[in-house]
Amino acid sequence: MPVLVGKYQDLVCRNKWKSLYSKISNAYLFVKNDLAVSDTDEMFSSLEEEYKILELIKKKLGVRIGTYENICPEGQDCSYGGGNIESYKTLYGTGMNPYSFGGYIDSDNGLNTVWYSLEGATVYFRANSFYDMFVIYIFVDVNGIQSPPNILGRDFFALVITPPGACPVGANCGYRPQYFKDSCTSEKEVYASSLNGMHHGSPISGIGCSSDMLLK
């Protein structure tokens, strides 16, 4: 029975991820269409331009402002950071690196980083530069941060928005897939250089399932 329950939970999470990925991807396509920009690279020419795009995407999605009350450990100040989410683990059960999801300051909530509610999911947005690229990171816990299993690749996924469109992490669509492509299939823990504060040496096994789960 526990095995059947687990499989059913995975199916529900996978289908929810597909739905949310589609909505987020379409929101960005609508933004591009509304702006009528001939050269989409210009949309990502600076962090300032990225923030504008990100705000438009959030408006298209109709996201609702969230708070930190259910994210940070009791007594910890999570202003200006994503919070030390101690309950999240990789596919191998390794705890996430402290402050793994830190960094995006949102003016909608007194310059604090916020997570948003979107159709029962918890969503985290961040505009950022990645070496020579400007990108928008979006992390999605499809059933909310308070619902298990809180495991990368099972109910927690990620995508990156670049000028061409939305790229699920792990896919070969222009966003350095070599860092994450094996994180869903390797027989040992996988580490990555960076992904929105998942710092050098941090385990990220499972985040590459973000693309695999869209194909199942």
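Residues numbered from 1 in each chain as written. Predicted model: local features only at pLDDT ≥ 70, side-chain atom pairs only at ≥ 80, totals over all residues. Heavy atoms only, no water.

**Here we look at the overall build of the protein chain**
For step 1, the next point in the chain: A count of helices and strands for the protein chain gives 3 helices and 8 strands.
For step 2, the next point in the chain: Traced from its N-terminal end to its C-terminal end, the protein chain shows the element sequence α-α-β-β-β-β-β-β-β-β-α.
For step 3, the next point in the chain: Counting over 216 residues, the protein chain shows a buried share of 50%.
For step 4, the next point in the chain: Taking as baseline every contact in the protein chain between residues at least 6 positions apart, the subset at least 24 positions apart corresponds to 58%.
For step 5, the next point in the chain: In the structure as shown, the protein chain presents an accessible area of about 10200 Å², 52% of it carried by carbon and sulfur atoms. (Helix = DSSP H or I, 4+ residues; strand = E, 2+ residues; numbered from the N terminus. Buried < 20%, exposed > 50% of the residue type's maximum accessible area, 1.4 Å probe, protein only. Contact = heavy atoms within 4.5 Å. Areas by Shrake-Rupley, 256 points an atom, 1.4 Å probe, with all protein chains shown as cover.)

**With respect to a nonpolar patch on the surface**
For step 1, the next point in the chain: Taken together, the side chains of Tyr 8, Leu 11 and Val 12 present a nonpolar region at the surface, about 290 Å² in accessible area.
For step 2, the next point in the chain: Here Leu 11 shows up in helix H1 (residues 2-35). (Patch = residues over 30% accessible without salt bridge, like charges linked within 9 Å, V, L, I, M, F, W, Y side chains within 5 Å. Salt bridge = Lys/Arg side-chain N within 4 Å of Asp/Glu carboxyl O.)

**Concerning unusual backbone geometry**
In most cases, non-glycine residues show a negative phi, while peptide bonds are predominantly trans.
For step 1, the next point in the chain: Residue Pro 149 is bonded to the preceding Pro 148 through a cis peptide linkage, with omega at 15°.
For step 2, the next point in the chain: Among the secondary structure elements, Pro 149 is positioned in the loop between strand S4 (133-141) and strand S5 (156-162).
For step 3, the next point in the chain: One non-glycine residue, Glu 119, lies in positive phi territory at about 55°.
For step 4, the next point in the chain: The residue Glu 119 is located in the loop between strand S2 (116-118) and strand S3 (121-130) in this model.
For step 5, the next point in the chain: A positive phi angle, close to 55°, is found at Asn 150, a residue other than glycine.
For step 6, the next point in the chain: If you trace the backbone, Asn 150 turns up in the loop between S4 and S5.

**Some words on the pattern of salt bridges**
Close approach of charged atoms allows side chains of opposite charge to pair.
For step 1, the next point in the chain: Enumeration over the complete set of coordinates arrives at 5 salt bridges.
For step 2, the next point in the chain: Among the salt bridges present, the one from Asp 10 reaches Arg 154, with a minimum N-O distance of 3.0 Å. In this pair, Asp 10 sits in helix H1 while Arg 154 sits in the loop between S4 and S5, placing the two residues 144 residues apart along the sequence.

**Things to note about the environment of Lys 188**
For step 1, the next point in the chain: Looking at where Lys 188 falls in the secondary structure, it is placed in the loop between strand S6 (165-168) and strand S7 (191-192).
For step 2, the next point in the chain: Judged by its relative accessible area of 62%, Lys 188 falls in the exposed class.
For step 3, the next point in the chain: Sequence spacing of Lys 188 and Leu 91 is 97 residues, and the spatial spacing of their C-alpha atoms is 9.7 Å.

**Focus on the pairing of S6**
For step 1, the next point in the chain: Pairing analysis gives 4 bridges linking S5 to S6, with the strands arranged antiparallel. For Val 160, the partnering residue across the bridge sits in S6 and is Cys 167.
For step 2, the next point in the chain: The hairpin turn running from S5 into S6, its antiparallel successor, is 2 residues long. (Pairing = 2+ DSSP bridges.)

**Details of helix H2 (residues 47-61)**
Think of an α-helix as 3.6 residues a turn; residues three or four steps apart then line up on the same face.
For step 1, the next point in the chain: Helix length check: H2, at 15 residues, gives a terminal C-alpha distance of 21 Å against a target of 21 Å (1.5 Å per residue), a fit within 8%.
For step 2, the next point in the chain: Considered for burial, the residues of H2 that qualify are Glu 50, Ile 53, Leu 54, Ile 57, Lys 58 and Leu 61. One side of H2 holds all its buried residues, which, seen down the axis, span an arc of 140°. The exposed set on the far side of H2, more than 90 degrees from its buried face, consists of Glu 48 and Lys 59. (Expected span 1.5 Å × (residues − 1). Arc of directions from axis to C-beta.)

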